[in-house]
Amino acid sequence: MKLLFAIVDREDSGPVVRNLSQRGFSSTKLATTGGFLLSNNVTLMIGVKEESVQTVIDIIKEHSHSRKQIIPSNDLSFDFDTGKPLEVVVGGATIFVVDVERFEKV
């Protein structure tokens, strides 16, 4: 048994969860904040058999998209201000796969 933690952009979370569910995978959705811009995102917890890990990763990849965003340089969380807006890439997904020693549904 494996547990996947998938951190996805909030905009992509609906399609990711919907497509996981359509393929028979349950997930738990947590509202989280983080990343370079301290933006709102979603962390999904998905428990699967080892042979299904790649299928779940493929679904997440297909429905998680990176996008460009323009931000004022003075909005960054550290001292960096060029006076010009910056273009940064946000979105996509970060996925962690961990072993589960024991799983029980009670």
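A brief report on the enclosed structure follows. (Residues numbered from 1 in each chain as written. Predicted model: local features only at pLDDT ≥ 70, side-chain atom pairs only at ≥ 80, totals over all residues. Heavy atoms only, no water.)

**Some remarks on the overall build of the protein chain**
Phase 1 of the analysis: Counting its regular elements, the protein chain contains two helices and six strands.
Phase 2 of the analysis: For the protein chain, the succession of helices and strands along the chain, N to C, is β-α-β-β-α-β-β-β.
Phase 3 of the analysis: Expressed as a percentage of the 106 residues in the protein chain, the buried residues total 30%.
Phase 4 of the analysis: Within the protein chain, contacts between residues at least 6 apart in sequence are counted, and of these 66% link residues at least 24 apart.
Phase 5 of the analysis: Entry remark: accessible area of the protein chain is about 7300 Å², with carbon and sulfur atoms responsible for 50%. (Helix = DSSP H or I, 4+ residues; strand = E, 2+ residues; numbered from the N terminus. Buried < 20%, exposed > 50% of the residue type's maximum accessible area, 1.4 Å probe, protein only. Contact = heavy atoms within 4.5 Å. Areas by Shrake-Rupley, 256 points an atom, 1.4 Å probe, with all protein chains shown as cover.)

**Focus on the side chain of serine 64**
Phase 1 of the analysis: Within the secondary structure, serine 64 is located in the loop between α2 (53-63) and β4 (66-72).
Phase 2 of the analysis: On the basis of relative accessibility, which here comes to 10%, the residue serine 64 falls in the buried class.
Phase 3 of the analysis: Engagement of the side chain of serine 64 in a polar contact is seen with the backbone oxygen of isoleucine 60, the distance being 2.9 Å.
Phase 4 of the analysis: Not counting the four nearest positions on each side in its chain, serine 64 is found in contact with Val8, Asp12, Val16, Gly92 and Ala93. (Polar contact = N/O pair within 3.5 Å; in protein donor to acceptor, adjacent residues only side chain to side chain.)

**Focus on the pattern of salt bridges**
Phase 1 of the analysis: All chains considered together, the criterion is met by two salt bridges.
Phase 2 of the analysis: With a closest N to O distance of 2.1 Å, aspartate 99 and lysine 2 form a salt bridge. One end of the pair, aspartate 99, is in strand β6 (residues 93-99); the other, lysine 2, is in strand β1 (residues 2-9), and 97 residues separate them in sequence.
Phase 3 of the analysis: Residue aspartate 99 is classed as exposed on the basis of its relative accessible area, which comes to 62%.
Phase 4 of the analysis: The residue glutamate 104 makes a salt bridge to arginine 102 at a minimum N-O spacing of 2.2 Å. (Salt bridge = Lys/Arg side-chain N within 4 Å of Asp/Glu carboxyl O.)

**Let's talk about α2**
Phase 1 of the analysis: Every buried residue belonging to α2 is among Val53, Val56, Ile57, Ile59, Ile60 and His63, and all of these are buried. Projected down its long axis, α2 shows its buried positions confined to an angular sector of 160 degrees, all on one face. Facing away from the buried side of α2, by more than 90 degrees, are the exposed residues Lys61 and Glu62. (Arc of directions from axis to C-beta.)

**Topic: the packing of helix α1 (residues 10-22) against α2**
Phase 1 of the analysis: Contact geometry of α1 with α2 gives a least axis separation of 9 Å together with a crossing angle of 145 degrees. Like other packed secondary-structure pairs, α1 and α2 cross with a definite hand, here right-handed. Of the residues in α2, those touching α1 at Asp12, Pro15, Val16, Asn19 and Leu20 are Val56, Ile59, Ile60 and His63.
Phase 2 of the analysis: Of the residues belonging to the contact of α1 with α2, the class tally is six nonpolar, two polar and one charged. (Axes fitted to C-alpha atoms, helices over the stretch in contact; angles between N-to-C directions. Left-handed = near helix turned anticlockwise from the far one by under 90°. Nonpolar A, V, L, I, M, F, W, Y, C, P; charged D, E, K, R; others polar.)

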